[in-house]
Amino acid sequence: MSLFDAKTELDGWFANAVGEPTPVQRAAWPVLRGGRHALVIASTGQGKSLAAWRPLVERLVETPGRGRGVRALHIAPLKALARDMTFNLAPLLEAAGPISGRAPAIALRCGDTPQTERSRQRRNPPEILSTTPESLFVLLGSRGGRDLLRTVESVVIDELHAIADNKRGAHLALSLARLDRLTGRPVQRVGLSATAHPAEALARFLAGGEDCEIVSPDAPGPVKLEVELPGMPLGPYPNSVHWEQVHARIAELALGNRSLLVFCQTRAQVERTAATLDELLEAAGHPEQVGAHHGSLDTAHREAIEARFKAGELRVLVSSASLELGLDLGHVDRVCQIGVPGSVNLVRQRAGRSGHRPGRRPCMHLFPLTLNQLLETRALADVIAAEGVDAVLPLQAPLDVLAQQLVALVANGVGDVDELLNVVQRARPYREISRETLVALLASLAERPQLMPSEQLDPLLIADERGGYRAHPEADRLVLTNAGTIPEWFEYDVVRVDTGDIVGRLDEEVAFESSPGQVLQLGNRPWRILRVLTGLVRVEPAEEEPGELPFWFGEGPGRTAEMAEAMLKVVSGASHNGLDPQAATLLAESRQRLGALPGPNRLVIEQFSDPGGDRHIVLHTFAGARINRAWGLALRKRFCRQFNFELQAAATDDGVLISLGVTSQFDLPAVAGFVKSHNVADVLTQAMLDTPLFVTRFRWCANNALVLLKNGLDGPLPSQRQRSQAENLIACVFPDQLACLENLSGAREVPDHPLVQQALSDCLDDYMDLAGLQRLLARLESGEVEVHAVETEQPSPLAEALIHAPRYSYLDEDDAEERRTRNFERPAQRPAGSSRSRSVSRISARARPASAGKPARGPANPAPPASAGDLRPLQPSTTALEGLLEQAGFLTQREGESGLGMVRPVPAGGWTPWFSKLVRDGRALSLVEPGGRQRLWIATRRLDWILSLDGRWQPHPPPGGIPRDALPSDRGAVWQWLIESRRRIEGERAFETVAEVFGLSGPGDRASKIA
């Protein structure tokens, strides 16, 4: 026992172990010692955790608890953050031990906590429990969990900004209200954030409407941006040379530093970048120095990679969003960001991983990949210089989240409507909810539509004769196994057959199209697929074999409002300080072409025709993808109604692209007024219901509300069963949604069903920004925003990026090969000196196999891009790839994964998904070089031809009984065919490539092989 009080004892420890308190710590400690709610805001690395926890630990050791149980909760948005806190608080808890004679204990509780540890926590509750929002919900739903939590006095919510504006935040707000009810008094709440803005709104959300102190002594700190440009000038999309130069520069930075953290925009990009950097560092004498980290890798893998990086065993860690929050990675020398995020908060959070200590200035090496991203780099720097942050506004009253919590409360014995209402209104997002809304929601949860079979929908609530509710006998179990609001994307677990460990997860489409024998890269390591089952892919390590890159589907949040405003200022010329010469040239050429540039008070509408005569319109809004998606969909519907024409459209952060035919006639400036602020909600609702978006969002809402379950009593429900149940429920509660269009005489009639209304809100206000579009249209109608419309002979440089918009930006269901923007494609020019002579043509014809009397299957003139010989760029499809393989002879795996021959922009993984389909159909396979150093992609029908040149190559998977072309009698003809085929790809370098691949070392070898 110490002779000093807790404050004096810990003052001495703090001075020796930590040093001088930071401003946020000095400001927070007296507030929290007084037991008040507080929102603590400070830049990354300023000691927010100690600012919150020191006063709480002082209370733990100075005052006795009310009983045997947990006294303080730490809630983090990620399990890894919750785990980190159990280590990071250890020194403080150990220092506090002498005060009371025993150090307070801390323990972790999350979904994968072993049963033995859970039992230990029940027998000997720790003073502090670190957990996640979902695990808190589970604890509140179990008797043992409630016994642990009855004694809680305070709760610290880490990274509050990361959950406040989404359904997880609303879910947590209700759980905290339930916690107050369980303890019988308001629990002290402390929120921590580096980017909480507006602070007042987040403070109200945190405290549930009670008084909350805002502790924010300093403005957001500066971030140093080092803009890194490749040697090749940027364009509307990155090509393979750009990627090579970006990766080479990052490898150079890695060699000059001890620890480098690299952020990518997608999981597929993480895998691609990690593999490339691994090769570059190995070539430089530093093998096995790169780790991959993203949300589709298993927790154990991520923890191992984090530990190796923190211990200095890895020089580079490549991540998506999974490491942007405050995980403890030890010392990080530098942070790199590939591509420009449309959020200043993301940049502050990620840059803060370097200089993660008080007094150090965060630095980020930023790699823009396009000219438009180069403009966005300037906008980002302007917002940071102005100490700006993105607004985070709490989500208001999502009904599906409320439904889940209501079922949990009723399952715990709270069945009276007024008592339920009292608990719900203590959560800030639901403070204004009416009794009528609550009663209607409860009634819908207790009702099974007449045509829905009980096997597909068995309500978990049952109305009783007194006007209250009781729970289904299995409700308590089903609530806990279906907890949370994280959407179900239908991913397959990837499991090692030798250990049973989960390696990671693959998107359903990738797994479904994979086949045994195929090698995939996951976590920067190759895995050979042995078997694909429902929801499960069994694999084994495939050491020394190159793996194909998988891909995942997801939704990006789009550019924030703060970044959109800054971007318009940069584009208009209001902020040209420090503008890169490439970006300045882009704007100067666009101004010359358009006559004016977009700006905060100017909308530029551009119309041009492609070489085929079709017209295209671009609305240069720079308003962000969410507003542009909404406007693009509404315009599609308006054009359809007014001109009886289904047009193609795409929407990115920079604008809307509309591709028309030749029949629609209208004044170009009138496009801005085709939809009005007063009716755009109705138009957009009907337009959105024509897309698959609503069905997916409705399924997610039904999952959250526990109306349709993701997990039954026997385990997870198969994806197709979940889809079928969702469509059946829609057919029952919203018949017009799935009705035959020929039977609809007008607009779809939207019912007033809670789940239908919530799904509509998710589509219009989350995936899109209806309110933002209404504000923009109102400004156009009032004249506050002028319209500058211009017809140009050729698209402006600003329009080029939209012409090459990626697939995920399409607002219609036409395939990539059917886009009208393909009319802008030009045949590539043959490299100088690569023209084939007539004799070569005769050799090529003579070498054609007997079974190939007709041209190779595939589209006319299948071809790579301009950088790949004399063939035209291909729209990706299995037919196009098969034709390319037959005409090129083979592709190396690197050529295939880089998208050789594919139109730009190339998706992550290049041809990988289409090659997987061909392999599954038996139309293509891989040839693995002896020793596994190289892998070729070939058409199955040409297998015997390739093996006749070098029979040591091993086909994967085995070709089976697929018919193959007969060998020519002259083996030399095979060599001539292969060289001529590769010449279509790379001109006169063809012989060098074939010689390198098949081991030819000189003319003598060549002659002996051909003879």
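Looking at an unreviewed UniProt entry, one finds the chain named DEAD/DEAH box helicase and attributed to Wenzhouxiangella sediminis.

Sorry if this is basic, but what is going on with unusual backbone geometry here?
What is expected of a backbone is that most residues other than glycine have negative phi and most peptide bonds are trans. That bond from H197 to P198 is cis: its omega, 0 degrees, falls within 30 degrees of zero. Mapping P198 onto the fold places it in the loop between β6 (188–193) and α11 (199–207). Phi is positive for F622, which is not a glycine, with a value near 55 degrees. Residue F622 is classed as buried on the basis of its relative accessible area, which comes to 1%.

Help me understand the sheet that holds strand β11 (residues 316–319) in this model?
Working definition: the strands of a sheet are paired by backbone hydrogen bonds and lie parallel or antiparallel to each other. Taken in spatial order, the 6 strands make up an open sheet running β8-β13-β12-β9-β11-β10, and their pairing is parallel. With partners counted over all chains shown, the strands left at the sheet margins are β8 (224–227) and β10 (290–293), one partner each. On average, each strand axis in the sheet is tilted by 25 degrees relative to the strand beside it, whichever way the strands run. Bridging between strand β12 (residues 334–338) and strand β13 (residues 363–367) involves 4 bridges; their strand directions are parallel. When the bridges of β13 are listed, I338 appears paired with F367. Along the sheet, helix α15 (residues 344–351) makes contact with β8, β9 (260–263), β12 and β13, crossing β13 at roughly 125 degrees.

Teacher, can you tell me more about the side chain of T131 here?
When you line up the elements, T131 lands in strand β4 (residues 128–131). From its side chain, T131 meets the backbone oxygen of R109 in a polar contact 2.7 Å long. Ignoring any residue separated from it by four or fewer positions in sequence, one finds T131 in contact with L73, H74, I75, A76, A82, R109 and L136.

Would you take a moment to explain helix α19 (residues 435–445) for this structure?
One full turn of an α-helix is made of 3.6 residues, so residues set three or four places apart face in the same direction. Turning to α19, its buried residues number three or more, namely L438, L441, L442, S444 and L445. Seen along its axis, α19 keeps its buried residues to an arc of 160 degrees; they face one direction. Against α17 (399–411), α18 (417–424), β14 (461–463), β15 (469–471) and α28 (754–767) lie the buried residues of α19.

Looking at this structure, how should I read the pattern of salt bridges?
Where charged atoms from two side chains of opposite charge approach closely, those side chains can pair. Using the criterion set out here, one finds 44 salt bridges in the structure. Between D11 and R54 there is a salt bridge, and its shortest N-O distance comes to 2.5 Å. One end of the pair, D11, is in helix α1 (residues 6–17); the other, R54, is in helix α3 (residues 48–62), and 43 residues separate them in sequence. The class of D11 is partly exposed, set by a relative accessible area of 31%. The class of R54 is buried, set by a relative accessible area of 1%. Note that R83 is salt-bridged to E306, the shortest N-O span being 2.7 Å. With R83 in helix α4 (residues 79–88) and E306 in helix α14 (residues 299–310), this residue pair connects regions lying 223 residues apart in the sequence.

What am I meant to see in the confidence of the model for the chain here?
Detailed reading of the predicted model is not advised wherever pLDDT is low. Taken residue by residue, the chain gives an average pLDDT of 86. The fraction at 70 or more is 89%. Across residues 827–868, where pLDDT falls below 50, the model places 75 contacts with residues more than four positions away in sequence or in other chains. With pLDDT under 50 throughout, residues 1001–1011 is counted as low confidence; its partners more than four residues away or in other chains account for 12 contacts.

I'm lost on the sheet that holds strand β24 (residues 656–659) in this one. Help?
One open sheet holds the 5 strands; their spatial order is β23-β24-β22-β21-β27, and the pairing between them is mixed. Looking at which strands have only one partner, the edges of the open sheet turn out to be β23 (648–651) and β27 (786–791). Averaged over all pairs of adjacent strands, the angle between their axes in this sheet comes to 15 degrees, without regard to strand direction. Bridge count between strand β22 (residues 615–620) and β24: 4 bridges; the pairing is antiparallel. Among the inter-strand pairings, L619 is bridged to a residue of β24, identified as V656. Running over the sheet, helix α24 (residues 625–643) touches β21 (602–609), β22, β23 and β24 and is turned about 25 degrees from β24.

Is there a simple way to think about the packing of α15 against helix α16 (residues 371–385) in this case?
A packed helix pair is summarised by two numbers, namely the angle formed by the two axes and the spacing between the axes. Where α15 contacts α16, the axes come no closer than 10 Å and their chain directions differ by 75 degrees. As the angle between them shows, α15 and α16 are arranged roughly perpendicular. Across the interface between the two elements, V344, V347 and R348 from α15 touch L380, V383 and I384 from α16. For the contact of α15 with α16, the class distribution of residues is 5 nonpolar, no polar and 1 charged.

Help me understand the nonpolar core in this model?
With 129 residues, the main nonpolar core has L39, L402, W631 and F694 as its most contacted residues. Among the elements that make up this core, the one with the highest residue count is α17 (9 residues). Look past the residues within four positions of L39 in its chain and what remains in contact with it is L160, G191, A196, A199, L202, A203, L206, C212, E213, I214 and V215. Core analysis: the second largest hydrophobic core is formed by 45 residues, A76, L225, L314 and V383 among them.

Explanation requested: the packing of aromatic side chains in the structure shown.
How two aromatic rings sit relative to each other is set out by the distance from centre to centre and by the angle between their planes. Throughout the structure, instances matching the rule amount to 11 aromatic pairs. Look at F639 and F666: their rings are 5.4 Å apart centre to centre, the planes differ by 75 degrees, and that puts the pair in the edge-to-face class. In this pair, F639 is assigned in helix α24 and F666 in the loop between β24 and α25 (680–688), connecting sequence segments 27 residues apart. Judged by relative accessible area, F666 falls into the buried class, the value being 17%.

Reading the values: the criteria
Residues numbered from 1 in each chain as written. Predicted model: local features only at pLDDT ≥ 70, side-chain atom pairs only at ≥ 80, totals over all residues. Heavy atoms only, no water. Helix = DSSP H or I, 4+ residues; strand = E, 2+ residues; numbered from the N terminus. Buried < 20%, exposed > 50% of the residue type's maximum accessible area, 1.4 Å probe, protein only. Pairing = 2+ DSSP bridges. Axes fitted to C-alpha atoms, helices over the stretch in contact; angles between N-to-C directions. Contact = heavy atoms within 4.5 Å. Polar contact = N/O pair within 3.5 Å; in protein donor to acceptor, adjacent residues only side chain to side chain. Arc of directions from axis to C-beta. Salt bridge = Lys/Arg side-chain N within 4 Å of Asp/Glu carboxyl O. pLDDT = per-residue confidence, 0-100. Parallel < 35°, antiparallel > 145°, perpendicular 65-115°, else oblique. Nonpolar A, V, L, I, M, F, W, Y, C, P; charged D, E, K, R; others polar. Core = buried A, V, L, I, M, F, W, Y, C linked by side-chain atoms within 4.5 Å. Phe/Tyr/Trp six-rings, centres within 6.5 Å; stacked < 30°, edge-to-face > 60°.

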